[in-house]
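Below are the chains, spelled out letter by letter.
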Amino acid sequence: MNRTTLSLIAATTALAAVTGFAALATPDASGADTAGAAARLPVERTSLTCPAPSASDLAETSYTSFTPVTEGADDKGEAELLAAKAESAAGDGDKAGKQGEKPVVQPKTPGTPATGDTSGADAPALVGTAEGRFAPGWTVQQTTEVAAGTGRGLLGVNCAAPDTEFWFPGASTSADRTDYVHLTNPDDSAAVVDIELYGKDGALESTVGEGITVQPHASEPILLSTLTEVQQTDLTVHVSVRSGRVGAAVQALDDKIGGDWLAPATDPAGNLVLPGIPEDATIVRLVLFAPGDTDADLKVRLASPSGSITPAGHETVHVKAGMTTGVDLGDVTRGEAGSLVLTPTGRSVPVVAAVRVVRGKGTEQETAFIPATGPVGARATAADNRAKGTTLSLAAPGQTAKVKVTASAGSEGGTAVAKTYTIKGGTTQNVEVPVPGGLEGTYALTVEPVSGGPLYAARTLTLTEDDDVSAFTVQTLPDDRGTVSVPRAEEDLSVLQPQ
(Lines give C-alpha, C1' and ligand atoms only; values in the text may rest on other atoms or scores of the structure.)
Protein backbone atom coordinates (compact mmCIF):
# COMPACT_ATOMS: atom_id res chain seq x y z
CA MET A 1 0.00 0.00 0.00
CA ASN A 2 1.11 3.56 -0.53
CA ARG A 3 1.94 5.85 2.39
CA THR A 4 -1.25 7.95 2.01
CA THR A 5 -3.55 4.94 2.27
CA LEU A 6 -1.69 3.60 5.30
CA SER A 7 -1.98 6.98 7.04
CA LEU A 8 -5.71 7.15 6.32
CA ILE A 9 -6.35 3.71 7.75
CA ALA A 10 -4.29 4.47 10.87
CA ALA A 11 -6.05 7.77 11.49
CA THR A 12 -9.50 6.27 10.99
CA THR A 13 -8.75 3.29 13.21
CA ALA A 14 -7.54 5.60 16.02
CA LEU A 15 -10.63 7.79 15.72
CA ALA A 16 -12.97 4.82 15.82
CA ALA A 17 -11.23 3.38 18.88
CA VAL A 18 -11.55 6.62 20.82
CA THR A 19 -15.11 7.48 19.91
CA GLY A 20 -16.93 4.20 19.90
CA PHE A 21 -15.53 1.63 17.49
CA ALA A 22 -17.25 2.97 14.36
CA ALA A 23 -16.36 1.13 11.16
CA LEU A 24 -14.44 2.63 8.25
CA ALA A 25 -16.80 4.06 5.63
CA THR A 26 -16.47 2.79 2.06
CA PRO A 27 -16.28 5.18 -0.89
CA ASP A 28 -19.34 6.47 -2.71
CA ALA A 29 -20.53 3.67 -4.97
CA SER A 30 -21.23 6.14 -7.75
CA GLY A 31 -17.56 6.95 -7.99
CA ALA A 32 -18.10 10.57 -6.89
CA ASP A 33 -15.13 12.37 -5.40
CA THR A 34 -15.54 12.10 -1.62
CA ALA A 35 -12.06 13.30 -0.63
CA GLY A 36 -12.24 15.36 2.55
CA ALA A 37 -15.88 14.38 3.21
CA ALA A 38 -16.93 12.59 6.39
CA ALA A 39 -19.74 10.26 7.31
CA ARG A 40 -21.51 10.12 10.67
CA LEU A 41 -21.81 6.51 11.78
CA PRO A 42 -23.46 5.04 14.88
CA VAL A 43 -21.09 4.06 17.68
CA GLU A 44 -20.91 0.36 18.39
CA ARG A 45 -20.03 0.31 22.10
CA THR A 46 -20.77 2.65 25.00
CA SER A 47 -19.79 2.51 28.68
CA LEU A 48 -21.55 4.34 31.53
CA THR A 49 -21.01 4.72 35.29
CA CYS A 50 -23.60 5.73 37.89
CA PRO A 51 -22.45 6.90 41.37
CA ALA A 52 -23.80 5.35 44.57
CA PRO A 53 -27.05 7.32 45.01
CA SER A 54 -27.25 8.12 48.72
CA ALA A 55 -26.07 7.33 52.24
CA SER A 56 -29.59 7.97 53.60
CA ASP A 57 -31.83 5.13 54.75
CA LEU A 58 -34.76 7.23 53.45
CA ALA A 59 -33.47 7.35 49.88
CA GLU A 60 -35.61 5.97 47.05
CA THR A 61 -33.77 5.77 43.73
CA SER A 62 -35.10 5.10 40.25
CA TYR A 63 -33.12 4.40 37.08
CA THR A 64 -34.33 5.00 33.55
CA SER A 65 -32.42 3.53 30.61
CA PHE A 66 -33.08 4.72 27.07
CA THR A 67 -31.46 4.31 23.66
CA PRO A 68 -32.85 6.50 20.85
CA VAL A 69 -33.63 4.93 17.51
CA THR A 70 -30.57 5.64 15.34
CA GLU A 71 -30.54 5.22 11.58
CA GLY A 72 -27.86 2.78 10.45
CA ALA A 73 -27.39 1.16 13.87
CA ASP A 74 -26.75 -2.56 14.15
CA ASP A 75 -29.90 -4.67 14.45
CA LYS A 76 -28.29 -6.79 17.16
CA GLY A 77 -26.63 -6.07 20.48
CA GLU A 78 -27.09 -6.05 24.24
CA ALA A 79 -26.82 -3.78 27.25
CA GLU A 80 -26.51 -4.33 30.98
CA LEU A 81 -26.21 -2.14 34.05
CA LEU A 82 -24.77 -3.96 37.05
CA ALA A 83 -23.70 -3.15 40.60
CA ALA A 84 -20.13 -2.07 41.20
CA LYS A 85 -18.55 -3.16 44.44
CA ALA A 86 -17.61 -0.87 47.27
CA GLU A 87 -13.87 -0.17 47.31
CA SER A 88 -13.37 -2.09 50.54
CA ALA A 89 -15.00 -5.19 49.06
CA ALA A 90 -13.12 -5.18 45.77
CA GLY A 91 -10.76 -8.08 45.43
CA ASP A 92 -8.16 -8.94 42.82
CA GLY A 93 -9.82 -10.54 39.82
CA ASP A 94 -13.36 -9.86 41.05
CA LYS A 95 -15.73 -8.25 38.61
CA ALA A 96 -19.11 -6.58 38.95
CA GLY A 97 -21.92 -8.73 37.70
CA LYS A 98 -20.13 -12.03 38.30
CA GLN A 99 -21.84 -12.93 41.55
CA GLY A 100 -25.16 -13.74 39.86
CA GLU A 101 -26.90 -10.52 40.80
CA LYS A 102 -29.86 -9.35 38.77
CA PRO A 103 -29.31 -6.20 36.66
CA VAL A 104 -30.73 -3.09 38.32
CA VAL A 105 -32.44 -2.20 35.06
CA GLN A 106 -32.77 -4.27 31.90
CA PRO A 107 -32.73 -2.01 28.80
CA LYS A 108 -35.55 -2.44 26.28
CA THR A 109 -35.63 -2.12 22.51
CA PRO A 110 -34.32 1.26 21.27
CA GLY A 111 -37.10 3.84 21.39
CA THR A 112 -38.64 2.52 24.63
CA PRO A 113 -37.44 3.45 28.15
CA ALA A 114 -36.79 0.78 30.78
CA THR A 115 -36.91 1.45 34.52
CA GLY A 116 -35.60 -0.07 37.74
CA ASP A 117 -35.27 1.03 41.35
CA THR A 118 -33.38 0.59 44.60
CA SER A 119 -33.81 1.95 48.13
CA GLY A 120 -31.87 2.69 51.30
CA ALA A 121 -28.28 3.56 52.07
CA ASP A 122 -26.74 0.40 50.63
CA ALA A 123 -27.67 1.02 46.99
CA PRO A 124 -24.44 0.56 45.02
CA ALA A 125 -22.78 2.45 42.22
CA LEU A 126 -23.43 0.94 38.78
CA VAL A 127 -21.29 0.16 35.76
CA GLY A 128 -22.77 -0.61 32.38
CA THR A 129 -21.93 -1.44 28.79
CA ALA A 130 -24.12 -1.27 25.69
CA GLU A 131 -23.19 -2.80 22.34
CA GLY A 132 -24.67 -2.85 18.86
CA ARG A 133 -28.15 -1.34 18.55
CA PHE A 134 -28.23 -0.34 22.24
CA ALA A 135 -25.03 1.73 22.10
CA PRO A 136 -25.80 4.90 20.04
CA GLY A 137 -26.89 7.61 22.46
CA TRP A 138 -27.44 5.22 25.40
CA THR A 139 -28.63 7.39 28.30
CA VAL A 140 -29.32 6.41 31.92
CA GLN A 141 -30.86 8.85 34.40
CA GLN A 142 -30.45 8.25 38.15
CA THR A 143 -33.10 10.06 40.24
CA THR A 144 -33.17 9.88 44.05
CA GLU A 145 -35.79 11.20 46.46
CA VAL A 146 -34.62 11.82 50.04
CA ALA A 147 -37.49 12.71 52.36
CA ALA A 148 -35.54 14.34 55.20
CA GLY A 149 -32.12 15.08 56.61
CA THR A 150 -28.96 16.53 55.11
CA GLY A 151 -29.32 16.71 51.36
CA ARG A 152 -33.08 16.15 51.39
CA GLY A 153 -34.96 16.68 48.15
CA LEU A 154 -34.56 15.40 44.60
CA LEU A 155 -31.07 14.41 43.44
CA GLY A 156 -30.61 13.69 39.75
CA VAL A 157 -27.65 12.84 37.55
CA ASN A 158 -27.03 11.42 34.11
CA CYS A 159 -24.84 8.34 34.36
CA ALA A 160 -21.65 9.37 32.58
CA ALA A 161 -19.06 7.91 30.26
CA PRO A 162 -15.70 7.28 31.96
CA ASP A 163 -12.91 9.74 31.20
CA THR A 164 -9.50 10.91 32.43
CA GLU A 165 -10.14 14.51 33.56
CA PHE A 166 -13.03 16.36 35.25
CA TRP A 167 -13.66 19.91 36.56
CA PHE A 168 -16.22 20.66 39.29
CA PRO A 169 -16.58 24.39 40.09
CA GLY A 170 -19.27 24.87 42.75
CA ALA A 171 -18.22 22.32 45.36
CA SER A 172 -17.71 23.38 48.97
CA THR A 173 -16.15 22.46 52.32
CA SER A 174 -18.17 25.01 54.33
CA ALA A 175 -19.64 23.98 57.69
CA ASP A 176 -23.16 23.44 56.32
CA ARG A 177 -22.05 21.36 53.31
CA THR A 178 -21.10 17.70 53.05
CA ASP A 179 -19.61 17.12 49.60
CA TYR A 180 -18.29 13.87 48.20
CA VAL A 181 -16.55 13.22 44.90
CA HIS A 182 -17.58 9.76 43.68
CA LEU A 183 -15.07 7.81 41.57
CA THR A 184 -16.24 4.71 39.70
CA ASN A 185 -13.92 2.44 37.72
CA PRO A 186 -15.67 0.38 35.00
CA ASP A 187 -12.57 -1.42 33.73
CA ASP A 188 -10.66 -4.63 34.46
CA SER A 189 -7.56 -2.86 35.81
CA ALA A 190 -7.12 -0.41 38.69
CA ALA A 191 -7.25 3.35 38.09
CA VAL A 192 -4.98 5.85 39.86
CA VAL A 193 -6.51 9.27 40.47
CA ASP A 194 -5.38 12.67 41.78
CA ILE A 195 -7.81 15.19 43.30
CA GLU A 196 -6.81 18.86 43.50
CA LEU A 197 -8.80 21.55 45.33
CA TYR A 198 -8.76 25.27 44.51
CA GLY A 199 -10.30 27.93 46.75
CA LYS A 200 -10.51 31.73 46.72
CA ASP A 201 -6.78 32.07 47.39
CA GLY A 202 -5.57 29.29 45.10
CA ALA A 203 -4.61 25.64 45.54
CA LEU A 204 -5.31 24.04 48.91
CA GLU A 205 -2.50 21.92 50.32
CA SER A 206 -3.37 18.24 50.47
CA THR A 207 -1.36 15.07 50.02
CA VAL A 208 -4.29 12.77 50.78
CA GLY A 209 -5.77 13.43 47.34
CA GLU A 210 -2.72 12.15 45.47
CA GLY A 211 -2.51 8.67 43.99
CA ILE A 212 -5.94 7.39 45.01
CA THR A 213 -6.38 3.82 43.75
CA VAL A 214 -9.83 2.77 42.54
CA GLN A 215 -9.99 -0.99 42.11
CA PRO A 216 -11.48 -2.63 38.99
CA HIS A 217 -15.27 -2.47 38.80
CA ALA A 218 -15.37 -0.63 42.12
CA SER A 219 -16.51 2.75 43.39
CA GLU A 220 -15.02 5.09 45.99
CA PRO A 221 -16.71 8.16 47.57
CA ILE A 222 -14.16 10.72 48.81
CA LEU A 223 -15.36 13.23 51.42
CA LEU A 224 -13.82 16.57 50.42
CA SER A 225 -13.40 17.73 54.02
CA THR A 226 -11.00 14.82 54.57
CA LEU A 227 -8.69 16.23 51.91
CA THR A 228 -8.26 19.64 53.56
CA GLU A 229 -8.90 21.34 56.88
CA VAL A 230 -9.72 24.64 55.16
CA GLN A 231 -13.40 25.58 54.95
CA GLN A 232 -14.30 27.18 51.63
CA THR A 233 -17.71 28.38 50.48
CA ASP A 234 -16.72 28.08 46.81
CA LEU A 235 -14.38 25.35 45.72
CA THR A 236 -13.21 23.93 42.40
CA VAL A 237 -12.40 20.23 42.30
CA HIS A 238 -10.06 18.93 39.61
CA VAL A 239 -9.99 15.16 39.09
CA SER A 240 -7.17 13.84 36.89
CA VAL A 241 -6.46 10.19 36.17
CA ARG A 242 -2.84 9.01 36.04
CA SER A 243 -3.72 5.57 34.71
CA GLY A 244 -6.98 4.00 33.60
CA ARG A 245 -10.23 5.94 33.51
CA VAL A 246 -13.14 6.63 35.87
CA GLY A 247 -16.58 8.14 36.03
CA ALA A 248 -16.78 11.10 38.41
CA ALA A 249 -19.51 13.21 39.98
CA VAL A 250 -19.79 15.41 43.10
CA GLN A 251 -22.64 14.91 45.54
CA ALA A 252 -23.31 18.22 47.32
CA LEU A 253 -25.44 17.93 50.46
CA ASP A 254 -26.58 21.00 52.41
CA ASP A 255 -27.96 20.98 55.94
CA LYS A 256 -30.59 23.63 55.20
CA ILE A 257 -31.40 23.83 51.49
CA GLY A 258 -31.23 20.24 50.31
CA GLY A 259 -28.78 18.71 47.90
CA ASP A 260 -28.12 17.51 44.39
CA TRP A 261 -25.42 16.17 42.09
CA LEU A 262 -22.87 18.48 40.54
CA ALA A 263 -22.00 17.03 37.13
CA PRO A 264 -18.64 17.83 35.48
CA ALA A 265 -18.41 21.18 33.71
CA THR A 266 -17.44 21.26 30.07
CA ASP A 267 -13.73 21.60 29.30
CA PRO A 268 -12.10 25.00 30.02
CA ALA A 269 -13.05 27.52 27.33
CA GLY A 270 -13.25 31.26 26.74
CA ASN A 271 -16.98 31.20 25.85
CA LEU A 272 -19.40 29.32 28.10
CA VAL A 273 -23.16 28.71 28.25
CA LEU A 274 -25.07 27.61 31.37
CA PRO A 275 -28.63 26.83 30.20
CA GLY A 276 -31.89 26.25 32.01
CA ILE A 277 -31.94 28.56 35.05
CA PRO A 278 -35.51 28.26 36.39
CA GLU A 279 -37.73 31.33 36.08
CA ASP A 280 -38.55 31.27 39.81
CA ALA A 281 -34.95 30.97 41.05
CA THR A 282 -34.49 33.05 44.21
CA ILE A 283 -30.69 32.67 44.44
CA VAL A 284 -28.25 32.12 41.58
CA ARG A 285 -24.58 31.86 42.54
CA LEU A 286 -22.01 31.72 39.75
CA VAL A 287 -18.70 29.95 40.50
CA LEU A 288 -15.73 30.22 38.11
CA PHE A 289 -12.13 29.03 37.91
CA ALA A 290 -9.31 29.88 35.49
CA PRO A 291 -6.91 26.90 35.45
CA GLY A 292 -4.06 28.61 33.57
CA ASP A 293 -1.59 31.34 34.50
CA THR A 294 -3.65 34.26 33.12
CA ASP A 295 -6.53 36.14 34.73
CA ALA A 296 -9.85 36.07 32.88
CA ASP A 297 -12.31 38.93 32.35
CA LEU A 298 -15.75 37.90 31.17
CA LYS A 299 -18.93 39.62 30.07
CA VAL A 300 -22.03 38.24 31.79
CA ARG A 301 -25.27 38.13 29.82
CA LEU A 302 -28.61 36.46 30.41
CA ALA A 303 -30.35 34.99 27.37
CA SER A 304 -34.00 35.48 28.38
CA PRO A 305 -37.23 34.73 26.46
CA SER A 306 -37.28 38.31 25.16
CA GLY A 307 -33.61 38.61 24.26
CA SER A 308 -30.11 39.02 25.67
CA ILE A 309 -29.77 41.32 28.69
CA THR A 310 -26.91 42.37 30.96
CA PRO A 311 -27.59 41.85 34.70
CA ALA A 312 -27.41 45.20 36.51
CA GLY A 313 -24.34 45.34 38.72
CA HIS A 314 -22.89 42.17 37.22
CA GLU A 315 -21.89 43.31 33.75
CA THR A 316 -18.47 41.65 34.00
CA VAL A 317 -16.60 39.30 36.30
CA HIS A 318 -12.84 39.09 36.95
CA VAL A 319 -11.38 35.64 37.61
CA LYS A 320 -7.85 35.45 39.01
CA ALA A 321 -5.66 32.71 37.60
CA GLY A 322 -5.61 29.58 39.75
CA MET A 323 -8.30 30.90 42.12
CA THR A 324 -11.99 30.16 42.49
CA THR A 325 -14.35 33.14 42.20
CA GLY A 326 -17.95 33.16 43.47
CA VAL A 327 -20.53 35.78 42.44
CA ASP A 328 -24.00 36.02 43.95
CA LEU A 329 -26.36 37.05 41.11
CA GLY A 330 -29.47 36.97 43.32
CA ASP A 331 -32.75 36.55 41.44
CA VAL A 332 -31.12 37.39 38.13
CA THR A 333 -33.91 35.82 36.06
CA ARG A 334 -36.60 38.10 37.58
CA GLY A 335 -39.44 35.73 36.78
CA GLU A 336 -38.25 34.65 33.33
CA ALA A 337 -36.37 31.49 32.37
CA GLY A 338 -32.83 32.17 31.28
CA SER A 339 -29.35 30.95 30.41
CA LEU A 340 -26.08 32.57 31.43
CA VAL A 341 -23.76 33.36 28.53
CA LEU A 342 -20.12 34.17 29.38
CA THR A 343 -17.82 35.73 26.77
CA PRO A 344 -14.34 37.30 27.05
CA THR A 345 -14.11 41.10 27.27
CA GLY A 346 -10.80 40.98 25.41
CA ARG A 347 -8.28 38.18 25.24
CA SER A 348 -9.89 34.76 25.50
CA VAL A 349 -8.77 32.83 28.59
CA PRO A 350 -10.06 29.29 29.30
CA VAL A 351 -12.30 29.01 32.38
CA VAL A 352 -14.72 26.52 33.90
CA ALA A 353 -18.02 27.53 35.50
CA ALA A 354 -21.19 26.34 37.21
CA VAL A 355 -24.14 27.90 39.01
CA ARG A 356 -25.90 26.86 42.17
CA VAL A 357 -29.62 27.56 41.90
CA VAL A 358 -32.01 27.87 44.86
CA ARG A 359 -35.79 27.84 44.52
CA GLY A 360 -38.40 28.51 47.18
CA LYS A 361 -38.25 30.39 50.46
CA GLY A 362 -37.76 29.57 54.12
CA THR A 363 -38.10 25.87 54.92
CA GLU A 364 -39.26 25.15 51.34
CA GLN A 365 -35.91 26.01 49.78
CA GLU A 366 -34.22 23.45 47.54
CA THR A 367 -31.04 23.56 45.50
CA ALA A 368 -29.61 22.28 42.21
CA PHE A 369 -26.50 22.83 40.08
CA ILE A 370 -26.04 23.75 36.42
CA PRO A 371 -22.52 23.37 35.01
CA ALA A 372 -21.38 25.05 31.82
CA THR A 373 -22.10 22.58 29.04
CA GLY A 374 -21.44 21.90 25.39
CA PRO A 375 -24.01 22.39 22.62
CA VAL A 376 -26.55 19.73 21.70
CA GLY A 377 -24.58 18.91 18.55
CA ALA A 378 -26.21 16.16 16.49
CA ARG A 379 -28.64 15.00 19.22
CA ALA A 380 -29.14 15.09 22.99
CA THR A 381 -31.22 12.80 25.18
CA ALA A 382 -32.96 13.18 28.55
CA ALA A 383 -34.48 10.13 30.26
CA ASP A 384 -36.94 9.95 33.19
CA ASN A 385 -39.49 12.58 32.21
CA ARG A 386 -42.88 12.63 33.90
CA ALA A 387 -46.35 13.68 32.70
CA LYS A 388 -46.08 16.58 35.16
CA GLY A 389 -43.04 18.46 36.38
CA THR A 390 -40.86 18.25 33.26
CA THR A 391 -39.45 21.52 31.85
CA LEU A 392 -37.29 21.65 28.72
CA SER A 393 -35.19 24.80 28.31
CA LEU A 394 -33.67 25.57 24.88
CA ALA A 395 -31.15 28.38 24.34
CA ALA A 396 -29.77 29.84 21.11
CA PRO A 397 -27.13 32.33 22.29
CA GLY A 398 -26.09 33.26 18.75
CA GLN A 399 -28.13 32.69 15.62
CA THR A 400 -31.74 31.53 15.54
CA ALA A 401 -32.05 27.74 15.69
CA LYS A 402 -34.74 25.33 14.57
CA VAL A 403 -35.02 22.14 16.62
CA LYS A 404 -37.02 18.91 16.66
CA VAL A 405 -38.02 17.44 20.03
CA THR A 406 -39.30 13.85 20.19
CA ALA A 407 -41.08 12.28 23.15
CA SER A 408 -40.55 8.53 23.18
CA ALA A 409 -43.08 5.89 24.01
CA GLY A 410 -43.69 5.49 27.75
CA SER A 411 -41.91 2.87 29.81
CA GLU A 412 -45.26 1.17 30.46
CA GLY A 413 -47.10 2.19 27.31
CA GLY A 414 -47.86 5.04 24.93
CA THR A 415 -46.92 6.26 21.46
CA ALA A 416 -44.10 8.60 20.48
CA VAL A 417 -44.81 12.15 19.29
CA ALA A 418 -42.61 14.98 17.99
CA LYS A 419 -42.76 18.77 17.72
CA THR A 420 -40.55 21.35 16.02
CA TYR A 421 -39.62 24.70 17.59
CA THR A 422 -37.82 27.83 16.45
CA ILE A 423 -35.63 29.47 19.10
CA LYS A 424 -34.83 33.07 18.26
CA GLY A 425 -31.18 34.07 18.46
CA GLY A 426 -30.09 35.48 21.82
CA THR A 427 -33.02 33.91 23.71
CA THR A 428 -33.92 31.03 25.99
CA GLN A 429 -37.33 29.40 25.73
CA ASN A 430 -39.04 26.98 28.09
CA VAL A 431 -40.98 25.05 25.46
CA GLU A 432 -44.16 23.10 25.97
CA VAL A 433 -42.75 19.60 25.77
CA PRO A 434 -44.57 16.94 23.80
CA VAL A 435 -46.04 14.10 25.87
CA PRO A 436 -46.53 10.60 24.42
CA GLY A 437 -50.05 9.68 23.50
CA GLY A 438 -51.60 7.41 26.13
CA LEU A 439 -48.53 7.80 28.35
CA GLU A 440 -47.97 5.19 31.05
CA GLY A 441 -44.80 5.40 33.13
CA THR A 442 -41.91 7.72 32.27
CA TYR A 443 -40.61 8.77 28.88
CA ALA A 444 -37.50 10.13 27.19
CA LEU A 445 -36.92 13.31 25.20
CA THR A 446 -34.51 13.62 22.30
CA VAL A 447 -33.46 17.04 21.02
CA GLU A 448 -32.18 17.31 17.43
CA PRO A 449 -31.15 20.63 15.84
CA VAL A 450 -32.56 21.03 12.33
CA SER A 451 -30.92 24.27 11.20
CA GLY A 452 -29.41 27.52 12.43
CA GLY A 453 -26.84 28.31 15.10
CA PRO A 454 -25.61 26.30 18.11
CA LEU A 455 -28.31 25.12 20.49
CA TYR A 456 -27.97 24.44 24.24
CA ALA A 457 -30.48 22.57 26.37
CA ALA A 458 -31.35 21.59 29.95
CA ARG A 459 -34.15 19.57 31.52
CA THR A 460 -35.64 20.40 34.93
CA LEU A 461 -37.61 17.75 36.83
CA THR A 462 -39.77 19.10 39.68
CA LEU A 463 -41.85 17.33 42.31
CA THR A 464 -44.30 19.62 44.09
CA GLU A 465 -46.53 19.46 47.14
CA ASP A 466 -49.29 21.93 47.98
CA ASP A 467 -48.15 24.28 45.16
CA ASP A 468 -44.81 24.85 46.89
CA VAL A 469 -41.40 23.90 45.51
CA SER A 470 -40.50 20.72 47.32
CA ALA A 471 -37.74 19.27 45.17
CA PHE A 472 -36.11 19.72 41.78
CA THR A 473 -33.07 18.74 39.76
CA VAL A 474 -31.55 20.07 36.53
CA GLN A 475 -29.60 18.10 33.91
CA THR A 476 -27.83 19.78 31.00
CA LEU A 477 -28.10 18.07 27.61
CA PRO A 478 -24.87 18.04 25.61
CA ASP A 479 -24.48 15.79 22.56
CA ASP A 480 -25.30 12.17 23.45
CA ARG A 481 -22.35 10.92 21.39
CA GLY A 482 -24.54 8.46 19.51
CA THR A 483 -22.66 8.95 16.27
CA VAL A 484 -19.08 9.61 15.27
CA SER A 485 -17.68 11.45 12.28
CA VAL A 486 -15.43 9.16 10.22
CA PRO A 487 -13.52 10.41 7.14
CA ARG A 488 -14.32 8.64 3.89
CA ALA A 489 -11.57 6.88 1.96
CA GLU A 490 -10.31 8.61 -1.18
CA GLU A 491 -10.20 5.32 -3.09
CA ASP A 492 -11.62 1.83 -2.92
CA LEU A 493 -9.34 0.10 -0.43
CA SER A 494 -10.63 -3.34 -1.46
CA VAL A 495 -8.79 -3.20 -4.81
CA LEU A 496 -5.45 -2.10 -3.43
CA GLN A 497 -2.61 -4.59 -3.39
CA PRO A 498 0.56 -4.43 -1.28
CA GLN A 499 3.48 -2.90 -3.14
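Residues numbered from 1 in each chain as written. Predicted model: local features only at pLDDT ≥ 70, side-chain atom pairs only at ≥ 80, totals over all residues. Heavy atoms only, no water.

Asker: What exactly am I supposed to notice about the overall build of the chain here?
Answerer: Counting secondary structure elements, the chain contains one helix and 38 strands. Within the chain, the fraction of its 499 residues that count as buried is 53%. Expressed as a percentage of contacts within the chain between residues at least 6 apart in sequence, the contacts between residues at least 24 apart total 80%. A total of about 21000 Å² of accessible surface is found on the chain, and carbon and sulfur atoms cover 47% of it. (Helix = DSSP H or I, 4+ residues; strand = E, 2+ residues; numbered from the N terminus. Buried < 20%, exposed > 50% of the residue type's maximum accessible area, 1.4 Å probe, protein only. Contact = heavy atoms within 4.5 Å. Areas by Shrake-Rupley, 256 points an atom, 1.4 Å probe, with all protein chains shown as cover.)

Asker: In this structure, what is going on with the side chain of T143? I would like to understand it.
Answerer: Structurally, the position occupied by T143 is in strand β8 (residues 139-146). Judged by its relative accessible area of 2%, T143 falls in the buried class. A distance of 2.7 Å separates the side chain of T143 from the side chain of D384, its partner in a polar contact. Excluding anything up to four places from it in sequence, T143 contacts E60, T61, S62, L154, L155, G156, D384, R386 and L461. (Polar contact = N/O pair within 3.5 Å; in protein donor to acceptor, adjacent residues only side chain to side chain.)

Asker: Sorry if this is basic, but what is going on with the sheet that holds strand β7 (residues 126-131) here?
Answerer: Think of a sheet as strands paired side by side through backbone hydrogen bonds, with each pair either parallel or antiparallel. Sheet architecture is open: three strands sit in the order β2-β7-β4, paired in antiparallel fashion. Looking at strand neighbours, the two that pair on one side only are β2 (45-50) and β4 (79-83), the edges of this open sheet. The average undirected angle you get between the axes of adjacent strands in this sheet is 15°. Bridge count between β4 and β7: five bridges; the pairing is antiparallel. (Pairing = 2+ DSSP bridges. Axes fitted to C-alpha atoms, helices over the stretch in contact; angles between N-to-C directions.)

Asker: What's the story with the environment of N271 in this structure? I'm lost.
Answerer: Mapped onto the elements, N271 comes out in the loop between β18 (258-262) and β19 (272-277). With 28 residues separating them along the chain, N271 and K299 place their C-alpha atoms 9.6 Å apart. N271 has contacts with L342, T343 and P344, leaving out every residue within four places of it along the chain.

Asker: What exactly am I supposed to notice about the environment of H182 here?
Answerer: Mapped onto the secondary structure, H182 falls in strand β11 (residues 177-185). When the C-alpha atoms of H182 and A125 are compared, they prove to be 9.1 Å apart, with 57 residues separating the residues in sequence. In this structure H182 touches P51, A52, E220, P221, G247, A248, A249, Q251 and W261, once residues within four positions along its chain are discounted.

Asker: I would appreciate a short explanation of the nonpolar core in the present structure.
Answerer: One recurring pattern in soluble globular proteins: nonpolar side chains tend to sit buried together. Residues L274, L286, L288, L340, L342 and V355 are the most contacted members of the largest nonpolar core, which totals 30 residues. Looking at this core, the elements that each hand over two or more residues are β19, β20 (281-289), β21 (296-304), β23 (316-319), β25 (338-344), β26 (352-359), β27 (366-371) and β37 (468-476). Setting aside chain neighbours within four positions, we find L286 in contact with L274, T325, G326, V327, L329, L340, L342, A353, A354 and V355. By size, the runner-up hydrophobic cluster in this structure holds 26 residues, among which are F168, I195, V239 and L262. (Core = buried A, V, L, I, M, F, W, Y, C linked by side-chain atoms within 4.5 Å.)

Asker: Looking at this structure, how should I read the pattern of salt bridges?
Answerer: Where charged atoms from two side chains of opposite charge come close, those side chains can pair. Within this structure, the stated rule accounts for 10 salt bridges. Across the pair R45 and E131 runs a salt bridge whose closest N-O atoms are separated by 3.3 Å. Of this pair, R45 sits in strand β2 while E131 sits in strand β7, placing them 86 residues apart in sequence. Relative accessible area serves as the criterion here: at 32%, E131 is assigned to the partly exposed category. Between K200 and D201 there is a salt bridge, with its nearest N and O atoms 3.1 Å apart. We classify K200 as exposed; its relative accessible area is 53%. According to the relative accessible area criterion, D201 is exposed, its value standing at 60%. (Salt bridge = Lys/Arg side-chain N within 4 Å of Asp/Glu carboxyl O.)

Asker: Would you explain the environment of T228 in this entry?
Answerer: With respect to the secondary-structure elements, T228 resides in the loop between β15 (218-223) and β16 (235-243). Sequence separation between T228 and V208 is 20 residues; the distance between their C-alpha atoms is 8.4 Å. Setting aside chain neighbours within four positions, we find T228 in contact with T173, L197, L204 and E205.

Asker: Could you clarify how one ought to interpret the packing of aromatic side chains in this entry?
Answerer: By convention here, two paired aromatic rings are described through the distance between centres and the angle between planes. For the structure on display, the rule yields three aromatic pairs. For the pair Y198 and F289, a centre-to-centre distance of 4.7 Å together with 35° between the ring planes defines the contact as tilted. Residue Y198 is found in strand β12 (residues 191-199), and its partner F289 is found in strand β20; the two are separated by 91 residues along the sequence. An aromatic cluster is defined as three or more aromatic residues linked by ring pairs; in this entry it consists of W167, Y198 and F289. Cation over ring: R359 sits above F472, and NZ or CZ is 4.7 Å from the ring centre. (Phe/Tyr/Trp six-rings, centres within 6.5 Å; stacked < 30°, edge-to-face > 60°. Lys NZ or Arg CZ within 6 Å of the ring centre and 35° of its normal.)

Asker: Hey, could you run me through the pairing of β12 in this one?
Answerer: Look at any regular strand and the pattern is simple: side chains alternate between the two faces of the sheet. β12 sits mainly inside the fold: seven of its nine residues count as buried. For β12 and β16, the ladder comprises seven bridges, and the chain directions are antiparallel. Within the sheet, the bridge partner assigned to D194 lies in β16 and is S240. Taken together, the two bridges between β12 and strand β13 (residues 202-203) define a ladder with antiparallel strand orientation. Residue pairing in the sheet places Y198 in a bridge with A203 of β13. Adjacent in sequence and paired antiparallel, β12 and β13 are bridged by two residues.

Asker: It is not clear to me how the sheet that holds β8 should be interpreted in this structure. Could you clarify?
Answerer: Spatially, β6-β3-β8-β9 is the arrangement adopted by the four strands of the open sheet, whose pairing is antiparallel. The strands lining the two open edges of the sheet, one partner per strand, are β6 (114-119) and β9 (153-158). In this sheet, adjacent strand axes meet at a mean angle of 15° when their direction is disregarded. With six bridges connecting them, strand β3 (residues 60-66) and β6 associate as antiparallel partners. Along β6, the bridge assignment pairs T64 with T115.

Asker: Is there a simple way to think about the side chain of N185 in this case?
Answerer: Turning to its location among the elements, N185 is positioned in strand β11. Judged by its relative accessible area of 0%, N185 falls in the buried class. Among the polar contacts listed, one links the side chain of N185 to the backbone nitrogen of D187, at a separation of 3.0 Å. A polar contact is formed between the side chain of N185 and the backbone oxygen of Q215, at a distance of 3.3 Å.

Interpretation note: all reported values are geometric properties and have no functional meaning in isolation.
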